[in-house]
Amino acid sequence: MTPPAHPDDRQATSFGAVADDYDRVRPGYPAEVVRWALGARPLQTVDLGAGTGALTRVLLAEGHSVVAVDPDEQMLARLRARSPGVTALVGTGEALPLPDASADAVLVAQAWHWMDPGAASAELVRVVRPGGAAVLLWTTRDPDDPLTAAVRQAVVRHAPDLAARAQADGSPRPARVPDARFRPDGTTRADTTAVLSVADLLTLVGTWSYVALSPARDAVLAEVAQAARAAVGADGTVRLSQHVEVHRFRRS
Ligand SMILES: C[S@@+](CC[C@H](N)C(=O)[O-])C[C@H]1O[C@@H](n2cnc3c(N)ncnc32)[C@H](O)[C@@H]1O
């Protein structure tokens, strides 16, 4: 196998190998944030960096047309299985496989930080119609949540080199489309709670790319397991409180 040119390239493609687990345990997106971002009228949307389609499914349920784009064929295979009939194209934010002015809105959930912001912004300018929107979403864990704090501690103890990523909740969030033709048009936040078995919590932590690729992965997961067993409720589940933050930009 050819080694990746940059560690981030390896991280960006770390998801496909765990696509089924990823799909089962990663949190979804509340419909209210899609309504806030897009309004009620059915639109032509693109789910960019769609992965296994967590956001695609909400967009479809809200009545929008969706083209899903992702570089990872394994993630798209899962998306197609869960949303048969949806158009799902292999492609990247830097080279969108879409015609000029073909979308009312492009939404990027938990994926903008994987793209080159300059090249991806130029593609958004090309593909989003004037008056349309680019929408960046991230799920973040509540820092005050005790289980979240225990997970962070486990990462910091066993993989100090990852402390900054753990502190930043895994994903850097560059909530900006660096092109003057997109002006900031509001942000919102919704609270969600992930209810997981201990096994699924471990699977979830194992899908975080910076944990998945760490040599300390097993030690981190062993400590997370210990913390989870201490936090498990009578129904056998643990709860992680999270926020979905949403940033909308309007195309002039
Ligand atoms: C953390 S996952 C998010 C998937 C999905 N949007 C979700 O919220 O569950 C990040 C996704 O970004 C994709 N990705 C990585 N590099 C990309 C790029 N340059 N352009 C578009 N997508 C990219 C990965 O293949 C992966 O599916």
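Residues numbered from 1 in each chain as written. Predicted model: local features only at pLDDT ≥ 70, side-chain atom pairs only at ≥ 80, totals over all residues. Heavy atoms only, no water.

K.L.:
Would you mind going over the site of the ligand in detail, with residue names and values included?
P.N.:
Around the ligand sit 20 residues in total, of which Tyr29, Gly49, Asp70, Gly93 and Ala109 are the nearest. Between the ligand and Gly49, the relevant distance is 2.7 Å, taken from a nitrogen atom to a main-chain nitrogen or oxygen of the residue. Taking Gly93, its main chain carries an N or O atom lying 3.0 Å from a nitrogen atom of the ligand. With the chains in place, 96% of the 600 Å² that the ligand exposes on its own is no longer accessible. (Near = heavy atom within 4 Å. Polar contact = N/O pair within 3.5 Å; in protein donor to acceptor, adjacent residues only side chain to side chain. Areas by Shrake-Rupley, 256 points an atom, 1.4 Å probe, with all protein chains shown as cover.)

K.L.:
Describe the pattern of salt bridges, listing the residues and the values that go with them.
P.N.:
One pass over the structure, following the stated rule, counts 18 salt bridges. A salt bridge links Arg217 to Asp218; its shortest N-O distance comes to 2.9 Å. On the accessibility criterion, Arg217 (32% relative accessible area) is partly exposed. Each of the salt bridges in this network shares a partner with another, and the network as a whole consists of Asp20, Asp23, Arg57, Arg78 and Arg82. (Salt bridge = Lys/Arg side-chain N within 4 Å of Asp/Glu carboxyl O. Buried < 20%, exposed > 50% of the residue type's maximum accessible area, 1.4 Å probe, protein only.)

K.L.:
Describe the UniProt feature "domain: Methyltransferase type" (unreviewed entry) in the protein chain, naming the residues involved and giving the relevant values.
P.N.:
As recorded in UniProt, the sites labelled "domain: Methyltransferase type" (unreviewed entry) are residues 46-135. Within residues 46-135, the helical portion is 32% and the strand portion 31%, while the C-alpha atoms at the span's ends are 10 Å from each other. (UniProt positions renumbered as here; feature names shortened; annotations may be inferred. Helix = DSSP H or I, 4+ residues; strand = E, 2+ residues; numbered from the N terminus.)

K.L.:
Requested: an account of the side chain of Ser121, with residues and values cited.
P.N.:
Within the fold, Ser121 resides in helix α6 (residues 117-127). With relative accessibility at 1%, the residue Ser121 sits in the buried group. In this structure, Ser121 is in contact with Trp112, Val177, Pro178, Asp179 and Phe182, ignoring residues within four places of it in sequence. (Contact = heavy atoms within 4.5 Å.)

K.L.:
Help me get a handle on helix α11 (residues 217-231), residues and values and all.
P.N.:
In a regular helix each residue adds 1.5 Å, so 15 residues correspond to 21 Å; α11 covers 21 Å between its end C-alpha atoms and thus fits that length. When α11 is considered as a whole, its buried residues turn out to be Val220, Leu221, Glu223, Val224, Ala225 and Ala228. Looking at the buried residues of α11, the elements they touch are α7 (146-158), α9 (198-207), α10 (209-212) and β7 (237-251). (Expected span 1.5 Å × (residues − 1).)

K.L.:
Can you break down unusual backbone geometry residue by residue, with the values?
P.N.:
The phi angle of most residues is negative, glycine excepted, and most peptide bonds adopt the trans form. Non-glycine residue Ala101 carries a positive phi angle of around 45°. Positive phi outside glycine occurs at Gln110, with the angle close to 60°. Mapped onto the secondary structure, Gln110 falls in the loop between β4 (103-109) and α6. A relative accessible area of 14% places Gln110 in the buried class.

K.L.:
Describe the pairing of strand β3 (residues 87-90), with residues and values.
P.N.:
In this structure, strand β2 (residues 65-70) lies alongside β3, joined through four bridges in parallel fashion. Bridge assignment links Val67 to a residue of β3, and that residue is Thr87. Assessed by its sense of winding, the connection that carries the chain from β2 through helix α5 (residues 73-82) to β3 is right-handed. (Pairing = 2+ DSSP bridges. Right-handed = clockwise from strand over helix to strand, strands pointing away.)

K.L.:
Mind laying out the environment of Leu38, listing which residues take part and the relevant values?
P.N.:
Within the element layout of this structure, Leu38 appears in helix α3 (residues 31-38). Taking the C-alpha atoms as reference, Leu38 lies 31 Å from Val205; in sequence the two are 167 residues apart. If sequence neighbours within four positions are ignored, Leu38 has contacts with Leu43, Thr45, Leu59, His64, Ala105 and Leu107.

K.L.:
I'd like a rundown of the nonpolar core, residues and numbers included.
P.N.:
Grouped burial of nonpolar side chains is what soluble globular proteins tend to show. Judged by nonpolar contacts, the single largest core of 25 residues is most densely connected at Leu38, Leu55, Leu107 and Leu137. Broken down by element, this core gets its largest block of residues, four residues, from α3. The contact partners of Leu137, leaving out residues within four places of it in the chain, are Tyr29, Val33, Leu55, Leu107, Val108, Ala109, Gln110, Val244, Glu245 and Val246. Counting residues in each nonpolar core, the second largest holds 24 residues, with Val25, Ala154, Leu204 and Leu221 among its members. (Core = buried A, V, L, I, M, F, W, Y, C linked by side-chain atoms within 4.5 Å.)

K.L.:
Just give me the short version of the side chain of Thr237, but keep the residues and values in it.
P.N.:
Within the fold, Thr237 resides in strand β7. Excluding anything up to four places from it in sequence, Thr237 contacts Val195, Leu196, Ser197, Ala231 and Val232.

K.L.:
Go over the packing of α3 against helix α4 (residues 54-61) with me, naming the residues and quoting the values.
P.N.:
For any two helices packed against each other, one specifies the inter-axial angle together with the distance between the axes. Closest axis-to-axis distance for the α3/α4 pair is 10 Å, and the angle between their directions is 70°. Between α3 and α4, the interaxial angle falls into the category roughly perpendicular. Considering the relative orientation of α3 and α4, their crossing is right-handed. Residues Ala31, Val34 and Leu38 of α3 touch α4, and the partners they reach there are Leu55, Val58 and Leu59. Within the contact of α3 with α4, the residues separate by chemical class into six nonpolar, no polar and no charged. (Axes fitted to C-alpha atoms, helices over the stretch in contact; angles between N-to-C directions. Parallel < 35°, antiparallel > 145°, perpendicular 65-115°, else oblique. Left-handed = near helix turned anticlockwise from the far one by under 90°. Nonpolar A, V, L, I, M, F, W, Y, C, P; charged D, E, K, R; others polar.)

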